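Spelled out from the first residue to the last, the chains are:
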Amino acid sequence: MRIAMWSGPRNISTAMMRAWENRLDTVVIDEPFYPFFLQETNAKHPAAKEIIESGETDWHKVVADLTGRQSEGRPIFYQKQMTHHLLPRLDRAWLASLTNCFLIRDPARVITSYTKKNHEPTAEEIGFPQQLEIFETVRRLTNRTPPVIDADDVLRDPKSLLKKLCAALGVKFDPAMLSWPPGLRDTDGIWAKHWYGEVEQSTSFQPYRDSPLEVPAGLREVEVHCRKIYDQLYADRLS
């Protein structure tokens, strides 16, 4: 089974990758389109040149790997995917050969987290419009609604949500998904040293914190736009 989990940045996606990688039956890949995305967009990200030079920038080869790799004798190939990396010119038909699922997060939480490490984002930079487009494309290609999980729901009750996600995907839940050893992994992208500091120290999903959030005034229009998309996806979430 090739599981593609589509999310935007700043969305517990790396912790989710840790949960799946801690299963003995699963091999993972970290943001396989990132080098291609950086080469195509010239986005000013940390270590962009190093990421481009060390990764695969031909999207056809990336797709061939995602859809054809034999996952080292393990039955599950988990793919951590960023929605904004799947640029519009890329073909979408290959998505039908994967088991797709979606990880969403309240846009206020995404924006306030993003601005701690980067400039003021657009809706496209945090991937909300692309996430909806990929979701609708997958639903059209497969004639079924793919599973959606919300980051806050996961943090409130990881065991319950992961059980529901596994059931929706047709795989057996493994308690090993609930905790993992600290540290970086060989499977982490080379960008981990810039982005994975908190996850590097973690051994499980962090407790949910219902703290008040103040989106900067200049980003409130972005939040409103993203919230409309978030609400559409939220309506189909596993709860």
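Further up the page is the structure itself.
Residues numbered from 1 in each chain as written. Predicted model: local features only at pLDDT ≥ 70, side-chain atom pairs only at ≥ 80, totals over all residues. Heavy atoms only, no water.

### Re the nonpolar core
One finds Trp6, Phe33, Leu86, Trp94 and Ile126 to be the most contacted residues of the largest nonpolar core, which totals 48 residues. Residues in contact with leucine 86, not counting those within four places in the same chain, are Trp6, Phe33, Arg92, Trp94, Leu95 and Ile134. By size, the runner-up hydrophobic cluster in this structure holds 27 residues, among which are Met16, Leu103, Leu162 and Trp180. (Core = buried A, V, L, I, M, F, W, Y, C linked by side-chain atoms within 4.5 Å. Buried < 20%, exposed > 50% of the residue type's maximum accessible area, 1.4 Å probe, protein only. Contact = heavy atoms within 4.5 Å.)

### What to know about the packing of aromatic side chains
Scanning all chains against the criterion turns up six aromatic pairs. When the centroid spacing of 4.8 Å and the interplanar angle of 75° are considered together, the rings of tyrosine 34 and tryptophan 191 count as edge-to-face. One end of the pair, tyrosine 34, is in helix 2 (residues 34-41); the other, tryptophan 191, is in the loop between helix 8 (158-169) and helix 9 (192-195), with 157 residues separating them in the sequence. Judged by its relative accessible area of 6%, tryptophan 191 falls in the buried class. For the ring pair tryptophan 180 and phenylalanine 205, a centre distance of 5.3 Å and an interplane angle of 85° mean the geometry is edge-to-face. Here tryptophan 180 is found in the loop between helix 8 and helix 9, whereas its partner phenylalanine 205 is found in the loop between helix 10 (197-201) and helix 11 (220-234), with 25 residues between them in sequence. Stacked on the ring of tyrosine 208, the Lys or Arg arginine 156 has its end atom at 4.2 Å from the ring centre. (Phe/Tyr/Trp six-rings, centres within 6.5 Å; stacked < 30°, edge-to-face > 60°. Helix = DSSP H or I, 4+ residues; strand = E, 2+ residues; numbered from the N terminus. Lys NZ or Arg CZ within 6 Å of the ring centre and 35° of its normal.)

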